[in-house]
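The primary structure of each chain is shown beneath.
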Amino acid sequence: MLTESEVEAVARAAHEGQTDKAGRPYAEHLQAVAEGVRARGGDAEQIAAAWLHDAVEDDALTEAWLAAAALSDRTKAVVLALTKRAGETPEAYAARVLATPGALLVKEADLAHNADPARLAALDAPTRARLTEKYARMRALLGLATPAQRPPRNITPG
C-alpha cells in the first residue's frame, strides 16, 4: 500500500501546473482537504482519498491508474464516488457520495475549503455568488449543516 506521503507526492505530481479559480496552486486545495479530513477524525484511507479526490475528475490520473494503484478498495471507492460524471445531476452525485462509506467526510472537507470565505474573496463577485450557491446546495443535498448551523467547537461548560 502507498503511504500517505507517497499518495501526497502522486497527487502533487498529477496536478502539477494546475491552479484553482483564484490562480493558486491546486495542490494547496488538496492539502487543505486532506488536513480537513484529518481534523474531522478521518482515517488513513480517507486522507489518501482526500489527496486524490479530484485526480480522476480533472483527468490528472486515469481510472485505470486508480484501479491498479496500491490503495485500499475503500480509498478507490471514495475517489470514484467523489468523481463527478459528465451530465450528472447534483442529486445523483450526492446520492453516490452518501452511499459510499467514508466519502461524506471527504466531501465535507472539500466543501469546507471550497466555501472558505477567504478563498472565495479572491474571486470576482459573479463567480463568488455562483459558487456560494452551488456549495450551499450540495451541503443541503448531503444533509450537512452550514457553517452557521454548526455548534461552536471547544466550548468549555461554565
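Residues numbered from 1 in each chain as written. Predicted model: local features only at pLDDT ≥ 70, side-chain atom pairs only at ≥ 80, totals over all residues. Heavy atoms only, no water.

A. Region of the structure containing the layout of surface pockets. Estimated volume of the largest pocket: approximately 650 Å³. Lys-21, Lys-84, Asn-114, Lys-134 and Tyr-135 are, among the 31 residues lining the largest pocket, the residues nearest its centre. When residues of the lining of the largest pocket are traced back to their parent elements, those giving at least two are α2 (26–39), α6 (90–99), α7 (103–114), α8 (117–120) and α9 (125–142). Here the lining of the largest pocket gets five residues from one element, more than from any other, and that element is α9. (1 Å grid on protein atoms, 1.4 Å probe; cavity = no way out; pocket = protein on both sides within 12 Å on 5 of 7 lines; lining within 4 Å. Points joined across faces, edges and corners; volume = space filled by probe spheres on them. Helix = DSSP H or I, 4+ residues; strand = E, 2+ residues; numbered from the N terminus.)

B. Structural detail: the nonpolar core. Core analysis: the biggest nonpolar cluster contains 40 residues, and Val-37, Trp-51, Leu-52, Leu-82, Val-106 and Leu-142 have the highest contact counts within it. Elements supplying a minimum of two residues to this core: α1 (4–14), α2, α3 (44–52), α5 (73–81), α6, α7 and α9. For this core, the element with the most residues is α3, which contributes six residues. Those residues in contact with Leu-82 that sit more than four places away from it in its chain are His-53, Glu-57, Tyr-93, Val-97, Ala-103, Val-106 and Lys-107. (Core = buried A, V, L, I, M, F, W, Y, C linked by side-chain atoms within 4.5 Å. Buried < 20%, exposed > 50% of the residue type's maximum accessible area, 1.4 Å probe, protein only. Contact = heavy atoms within 4.5 Å.)

C. Quick peek at the packing of α6 against α9. Where α6 meets α9, the closest approach of the two axes is 9 Å, and the angle between their N-to-C directions is 50 degrees. One finds that α6 runs oblique with respect to α9. The crossing of α6 and α9 is right-handed. On α9, the residues that touch Pro-90, Glu-91, Tyr-93, Ala-94, Val-97 and Leu-98 of α6 are Arg-137, Met-138, Leu-141 and Leu-142. (Axes fitted to C-alpha atoms, helices over the stretch in contact; angles between N-to-C directions. Parallel < 35°, antiparallel > 145°, perpendicular 65-115°, else oblique. Left-handed = near helix turned anticlockwise from the far one by under 90°.)

D. Examining the environment of Glu-28 more closely. Relative to the helices and strands, Glu-28 is located in helix α2. A C-alpha to C-alpha distance of 26 Å links Glu-28 and Arg-96, two positions 68 residues apart in sequence. At a separation of 2.5 Å, a polar atom in the side chain of Glu-28 contacts the side chain of Arg-24. (Polar contact = N/O pair within 3.5 Å; in protein donor to acceptor, adjacent residues only side chain to side chain.)

E. Up close: the packing of α2 against α7. The N-to-C vectors of α2 and α7 enclose an angle of 130 degrees; their axes lie 8 Å apart at closest approach. Relative to α7, the element α2 lies oblique. Along this stretch, α2 crosses α7, giving a crossing that reads as right-handed. Touching Glu-28, His-29, Ala-32, Val-33, Gly-36 and Val-37 of α2 are Leu-105, Val-106, Ala-109, Asp-110, His-113 and Asn-114, all from α7.

Function cannot be read off these values alone, since they describe shape.
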